[in-house]
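Listed here are the chains, written in short residue letters.
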Amino acid sequence: MTTLQHNTAAAVREPVAWAGAQVLLLGALDVAVGLGPLGLLVGLAYALATPVLLGQAAHRAGAVALGPADRVTLARALLVGGVAALVADRLGHDVPTALLVVLASVALALDFVDGRVARRTGTASPLGARFDMEVDAFLILVLSAHVALELGPWVLVIGALRYAFVAASWGLRWLRGALPPSFARKAVAAAQGVVLVVAAAGVVPHGAVLVGLALAALLWSFGRDTLWLRHNAMEGVRHG
């Protein structure tokens, strides 16, 4: 077997193994808390969709095997699937908040690991960065849905804003431009997950104020980037 064939076979096996691990996690959660039909349905849909979407992205990127950092991100995605199932299940009946908070906290903590692994192993790639970003975005969406059940639907803006930005870029080409690196953008993005987990855990008073401040920071960050992209596009037209 050639190296290419071996890597391709590994790339096929890994998503299948991941889906199997996701199903096992759902089974463990079902035993622990008794997942209802909606939670199981969301968890299974996630287990099927994630490997398919990752496989399609890898094919477009010409990747034939996952790197070590991608496997860390896969572990994070596994936990996010569990969080999604628990949040969906909450619509039907109560679920242990502590379990949800633990899974989400570990997923957030691992977000600081995959980037380090990619840099230390020299395996950083656009595919890995995009995969990491999508896992982050989905976790924020799920957590915002969970917190919105307590604080109100306005919290959903935190999770939906990134997807709204992507949807807007389908019609506005200038929104697809590359943004310059920004520590502020990364800090604001990272804060969203932490704040939502803290609010979900209920360990601080005035959780609504904390979440509101996080939302305000996120709106500022997206607004600043949108204005930069618009200005950069207009400068390009002016000098083009």
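Residues numbered from 1 in each chain as written. Predicted model: local features only at pLDDT ≥ 70, side-chain atom pairs only at ≥ 80, totals over all residues. Heavy atoms only, no water.

**Here we look at a positive patch on the surface**
Convention followed: Residues forming no salt bridge and having over 30% relative accessible area are the ones grouped into patches, like charges within 9 Å of each other and nonpolar side chains (Val, Leu, Ile, Met, Phe, Trp, Tyr) within 5 Å. The protein chains shown are the only cover counted for residues, whose accessible areas, like all others here, come from Shrake-Rupley with a 1.4 Å probe. By convention in these notes, a salt bridge is any Lys or Arg side-chain nitrogen within 4 Å of a carboxyl oxygen on Asp or Glu. The convention is simple: Lys and Arg are positive, Asp and Glu are negative, and His and the chain ends are not counted. For this purpose, a charge sits on NZ of Lys, CZ of Arg, CG of Asp or CD of Glu. Strands are runs of DSSP state E lasting at least 2 residues, helices are runs of H or I lasting at least 4, and numbering of each runs from the N terminus. The buried label applies to any residue whose accessible area, calculated with a 1.4 Å probe on protein chains only, is under 20% of its type's maximum; exposed applies above 50%, and partly exposed to all values in between.
Residues Arg116, Arg119, Arg120 and Lys186 make up a contiguous surface patch of positive charge. Residue placement: Arg116 occurs in helix H4 (residues 97-121). Classification of Arg116 as partly exposed rests on a relative accessible area of 48%.

**A short note on the packing of aromatic side chains**
Here is the rule: Ring pairs are drawn from Phe, Tyr and Trp, using the six-membered ring of Trp, whenever the two centres fall within 6.5 Å, and their geometry is named by plane angle: stacked under 30 degrees, edge-to-face over 60, tilted for the rest. Two conditions define a charge located above a ring, namely a distance within 6 Å from the ring centre to NZ of Lys or CZ of Arg, and an angle within 35 degrees of the ring normal.
Within this structure, the stated rule accounts for three aromatic pairs. Relative to Tyr46, the ring of Trp18 lies with its centre 5.8 Å away and its plane at 55 degrees, an arrangement referred to as tilted. Of this pair, Trp18 sits in helix H1 (residues 3-33) while Tyr46 sits in helix H2 (residues 37-61); the two residues are 28 residues apart in sequence, bridging distant segments of the chain. Given a relative accessible area of 11%, Tyr46 falls into the buried group. Each residue in the set Trp18, Tyr46 and Phe138 is aromatic and connected to the rest through ring pairs, giving one cluster. Positioned above the aromatic ring of Tyr163 is the side chain of Arg162, whose terminal nitrogen or guanidinium carbon lies 5.5 Å from the ring centre. In this arrangement the basic side chain of Arg230 is found over the ring face of Trp174, its NZ or CZ atom lying 5.2 Å from the centre.

**Side note on a nonpolar patch on the surface**
Nonpolar side chains collect at one region of the surface, where Leu38, Leu41, Leu91 and Leu149 lie side by side and expose about 400 Å² of accessible area between them. With respect to the helices and strands, the residue Leu91 is situated in the loop between helix H3 (68-90) and H4.

**Focus: the nonpolar core**
Note the cut-off: To form a nonpolar core, buried Ala, Val, Leu, Ile, Met, Phe, Trp, Tyr and Cys residues must be joined to one another through side-chain atoms within 4.5 Å. By definition, residues are in contact when any of their heavy atoms lie within 4.5 Å.
Counting 47 residues, the largest nonpolar core has Val83, Leu139, Leu143, Ile158 and Leu196 as the members making the most contacts within it. Among the elements that take part in this core, H3 stands out by supplying ten residues, more than any other. Apart from residues lying up to four places away in sequence, Val83 is in contact with Leu100, Leu103, Ala104, Leu139, Val142 and Leu143.

**Observations concerning the pattern of salt bridges**
One pass over the structure, following the stated rule, counts seven salt bridges. Linked through salt bridges whose partners overlap, the residues forming this network are Arg76, Asp111, Asp114, Asp132 and Asp136.

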